[in-house]
Amino acid sequence: MKVEGKFIVKVAGTLTAICLVVAALLGGVNAVTADKIDAINKANTEASLKAVASNATEFPQLQLSDAMTAAASSQGAKVTEAYEVKAGGERVGYAFKMVASGSQGNIEMIVGVDADNAVTGVSIVSNKETAGIGSKVMSNNALPSGVGVLDQFIGSSGAGSLVVGKTVDAISGATVSSKGVTKGVNAALAVAEALG
């Protein structure tokens, strides 16, 4: 069977038209939903900030520096936002929005650190972990000791000192998710140490 050039041009033109229509529709959907998604992310971030620093009265955002980015990267995670944690006008610590790899994608979390560079809390902003497995880590399910998997980090200090299976307990079946959160916490501690 011989395919004629006109047929190829017609098929290519049809496919191009379909692609342009689909691209326009996706752009329209993005324009409609972008503000809503940003508002949800902002609300989740604010709730997470309050969860990791309950005594705070304000959270002024800090400009990220190369030293902060490098410190987080050295622990296998990324810092995307940094905040001073203030109570009564005085700085009592920091909070960092960290992104680390989980089993199904990125885990975005807020990690609070006090003035002595000890973790005050970990709160998940967003994740794509598997329901019923990795989601147990994200929702702070209790470990056999009775402590929540995220709560076990409270009071920890020393960037790089947290290791799943040694100093950190994992939820059974969700080791990769537990390792992702641990990387984020280690990275937050490294960023706090870089700030001095």
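See the structure shown above.
Bear in mind the structure is a predicted one, so any value in this text is a computation, not a measurement.

**Student:** Help me out: how do you make sense of the overall build of the protein in this one?
**Tutor:** Counting secondary structure elements, the protein contains four helices and five strands. Along the protein, helices (α) and strands (β) appear in the sequence α-β-α-β-β-β-β-α-α when read from the amino end. For the protein, whose C-alpha radius of gyration is 22 Å, the value lies well above the compact-globule estimate of 16 Å for 196 residues. With respect to the principal axes defined by its C-alpha atoms, the protein has extents near 75 × 40 × 30 Å. Burial statistics for the protein: of 196 residues in total, 37% are counted as buried. Sequence-distant contacts, at least 24 apart, represent 53% of the contacts inside the protein between residues at least 6 apart. When the accessible surface of the protein is totalled, it reaches about 10,800 Å², and 56% of it is carbon and sulfur. Put simply, the protein has 15 plus and 16 minus side-chain charges, and the middle of one group is 14 Å from the middle of the other.

**Student:** Would you explain helix α1 (residues 5-52) in this entry?
**Tutor:** The α-helix winds at 3.6 residues per turn, so residues separated by three or four positions along the chain end up facing the same way. T33 marks the point of greatest bend in α1, at about 40°. Those residues of α1 not exposed but buried are T45, S48, L49 and V52. In this structure, the buried side of α1 is in contact with β2 (78-87), β3 (90-101), β4 (106-114) and β5 (119-126).

**Student:** Can you walk me through the environment of V113 in this structure?
**Tutor:** Among the structural elements, V113 can be located in strand β4. On the basis of relative accessibility, which here comes to 1%, the residue V113 falls in the buried class. Along the sequence, V113 and I154 sit 41 residues apart, while their C-alpha atoms lie 9.0 Å from each other. Not counting the four nearest positions on each side in its chain, V113 is found in contact with V92, G93, Y94, F96, A118, V119, T120, A188, L189 and A192.

**Student:** Which parts of the structure should I look at to understand the side chain of E84?
**Tutor:** The topology assignment puts E84 in strand β2. Looking at E84, the relative accessible area reads 18%, which means it is buried. Other than its neighbours up to four places away in sequence, E84 contacts E58, F59, P60, L62, R91, G93 and Y94.

**Student:** What should I look at first to understand the packing of helix α2 (residues 66-73) against helix α4 (residues 175-195) in this one?
**Tutor:** The geometry of α2 relative to α4 is characterised by a closest axis approach of 7 Å and an angle of 145° between their N-to-C directions. For the crossing formed where α2 meets α4, the hand is right-handed. Every residue of α4 that contacts α2 at A67, M68, A71 and A72 is listed here: A187, A190, V191, A194 and L195. Split into classes, the residues belonging to the contact of α2 with α4 amount to nine nonpolar, no polar and no charged.

**Student:** Teacher, can you tell me more about unusual backbone geometry here?
**Tutor:** Only a minority of non-glycine residues have a phi that is not negative, and only a minority of peptide bonds are not trans. Here the phi dihedral of N117 falls at roughly 60°; this positive angle occurs in a residue that is not glycine. Looking at where N117 falls in the secondary structure, it is placed in the loop between β4 and β5. With phi around 65°, N140 is a residue other than glycine that occupies positive phi space. Looking at the secondary structure, you find N140 in the loop between α3 (134-138) and α4. For N140, a relative accessible area of 24% puts it in the partly exposed group.

Conventions adopted
Residues numbered from 1 in each chain as written. Predicted model: local features only at pLDDT ≥ 70, side-chain atom pairs only at ≥ 80, totals over all residues. Heavy atoms only, no water. Helix = DSSP H or I, 4+ residues; strand = E, 2+ residues; numbered from the N terminus. Rg over C-alpha atoms; globule rule 2.2 N^0.38 Å. Buried < 20%, exposed > 50% of the residue type's maximum accessible area, 1.4 Å probe, protein only. Contact = heavy atoms within 4.5 Å. Areas by Shrake-Rupley, 256 points an atom, 1.4 Å probe, with all protein chains shown as cover. Lys, Arg positive; Asp, Glu negative; His and termini not counted. Charge placed at Lys NZ, Arg CZ, Asp CG, Glu CD. Bend = angle between axes of the 7 residues up to and from the residue. Axes fitted to C-alpha atoms, helices over the stretch in contact; angles between N-to-C directions. Left-handed = near helix turned anticlockwise from the far one by under 90°. Nonpolar A, V, L, I, M, F, W, Y, C, P; charged D, E, K, R; others polar.

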